[in-house]
Every structure is written in structure tokens, then in C-alpha cells.
Amino acid sequence: MIGLFSTDKNSSRPIALLLAGLICASMAVAGVGGAAAATTETATATETSTSDTLADKTVAVDNQTQQVYLEVTNTSGQSVDYTVYGVSDGITTQVDSGQVSAADGETTEKTFAVDSSEYDSYRILVEEDGTDSDSESAESIEIGEIVQQESGGGGIFGGGGDGLLTPVNILIAALLGAAAFLLGLFDPIKRRISG
């Protein structure tokens, strides 16, 4: 018999190799994920204005947001004032305030913990001290969020669905094994075992 269902030992070898390769590839692709945790910063440069306000930005947060941050580069004069507000349903509550400065050629970053169950966004306001006679400024001010991205599990058994031996991978391997058996790819092995 010629074709896919041939019992000739040489004709079934390429199909067996192809199926074995597909099994290995599907298991390898699923196992690549592994356990990983990455921190991503989302930054937005804010524009400075001519009034006392140097930056004013609201950052939306969710359960993946760990922190919001304020990054100031090259402040002139004295320190600039910052105020952090938590915003929930349009109601603004002050959660932190202080001063920040950065020497010439340096950047200073302040981070603030996020309570996403309490607030749906945070507003960070940076101002110069309007009560004194000098004028504070900054070369750049960035306000953003730090987000935790996780994919759990990993390893061989995938305690979370990301390992090598996940239920989906086992099902794929079983289906490919059954297809190989029905195609007669195991006939040479059966003949050798039976004598």
C-alpha cells in the first residue's frame, strides 16, 4: 500500500518525525511562559506653565498598579512643593505632600503607594512656593504609574496553567499519539515487540 496508511517502514518514518516534532513544538511553546514578574513604568512628561503650578496630572489606577511616581530633573532655586491626592468618584482627598529637589544634572524620583480599592485615580500637583520672592522651576517633571505584571506557575508542572505539563498540553499529546496509532505509525514497534 502506498500513501499515508502504508505499512512500509520507510514511508511512515517522515510522518512519525513530523508528529514528534509537532508534539515537541507544542510543549515547548507552552513552556516558554514560565514564572515572570515585570515592573512597567508608564511615564508622561508634563508641561510646565508660567503660573505657580509646574505640573498637574491625574493617573488612573487599578488592581495591577503598585505605585504612582513623581520624577523631577534639575530644579532651580529651592525645592518645589508636591501634593498627592487620591480621587474616588470625583471626591479628592490629600494623601501626601512635601518638597522635592534635584541638583544640576540629576533626577529625583518620589514614589507613592497605591490603594486601588480606595481610589480610582491619583492626582499629583507640583508647584513653586508662591509666598517667596524667587521663582523655582524644573527642567522636566514626569508623573506616571508603576504596574506589576505577573504570570504565575512555570516549571514543568505549571501550578497556574503556564508549565509544560498543563491539561491542554497533555490533551494535545494524547490526541497526537492517538492519531499516530490510527495512522499505523506504531506498527513497526508492535511487530518488533510481538516478535
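Residues numbered from 1 in each chain as written. Predicted model: local features only at pLDDT ≥ 70, side-chain atom pairs only at ≥ 80, totals over all residues. Heavy atoms only, no water.

Quick word on the overall build of the protein chain
- Broken down by element type, the protein chain carries 3 helices and 8 strands.
- When the helices and strands of the protein chain are placed in sequence order, the string is α-β-β-β-β-β-β-β-β-α-α.
- Out of the 195 residues in the protein chain, the part that is buried amounts to 29%.
- Within the protein chain, counting contacts between residues at least 6 apart in sequence, those at least 24 apart form 77% of the total.
- Surface exposure of the protein chain reaches about 11,700 Å², of which carbon and sulfur atoms provide 55%. (Helix = DSSP H or I, 4+ residues; strand = E, 2+ residues; numbered from the N terminus. Buried < 20%, exposed > 50% of the residue type's maximum accessible area, 1.4 Å probe, protein only. Contact = heavy atoms within 4.5 Å. Areas by Shrake-Rupley, 256 points an atom, 1.4 Å probe, with all protein chains shown as cover.)

Topic: the sheet that holds strand 5 (residues 91-100)
- The strand order 2-7-4-5 describes an open sheet built from 4 strands, whose pairing is antiparallel. Looking at which strands have only one partner, the edges of the open sheet turn out to be strand 2 (53-60) and strand 5. With strand direction ignored, the average angle separating the axes of adjacent strands in the sheet is 15 degrees. (Pairing = 2+ DSSP bridges. Axes fitted to C-alpha atoms, helices over the stretch in contact; angles between N-to-C directions.)

Description of the nonpolar core
- Judged by nonpolar contacts, the single largest core of 20 residues is most densely connected at Val68, Leu70, Ile124, Val126 and Ile141.
- When residues of this core are traced back to their parent elements, those giving at least two are strand 2, strand 3 (65-76), strand 4 (80-88), strand 7 (121-127) and strand 8 (137-151).
- Setting aside its immediate chain neighbours within four residues, isoleucine 124 contacts Ala55, Asp56, Lys57, Val68, Tyr69, Leu70, Thr83, Val84, Phe112 and Ile143. (Core = buried A, V, L, I, M, F, W, Y, C linked by side-chain atoms within 4.5 Å.)

Re the confidence of the model for the protein chain
- For the protein chain, the mean per-residue pLDDT works out to 75, and 66% of the residues sit at or above 70.
- Across the protein chain, strand 7 holds the top mean pLDDT of 94, while strand 1 (residues 36-46) sits lowest at 41.
- With pLDDT under 50 throughout, residues 32-50 is counted as low confidence; its partners more than four residues away or in other chains account for 49 contacts. (pLDDT = per-residue confidence, 0-100.)

Overview of the pairing of strand 5
- Alignment of strand 4 against strand 5, held across 9 bridges, turns out to be antiparallel. Residue serine 88 lies in a different strand from strand 5, and its bridge partner there is isoleucine 91.
- What sits between strand 4 and strand 5 in their antiparallel hairpin is a turn of 2 residues, with aspartate 89 showing a positive phi close to 50 degrees.

Focus: the pattern of salt bridges
- A complete count under the given rule lists 1 salt bridge for this structure.
- A salt bridge links aspartate 56 to arginine 123; the shortest N-O distance between them is 2.8 Å. Here aspartate 56, found in strand 2, pairs with arginine 123, found in strand 7; they are 67 residues apart in sequence, far enough to count as distant. (Salt bridge = Lys/Arg side-chain N within 4 Å of Asp/Glu carboxyl O.)

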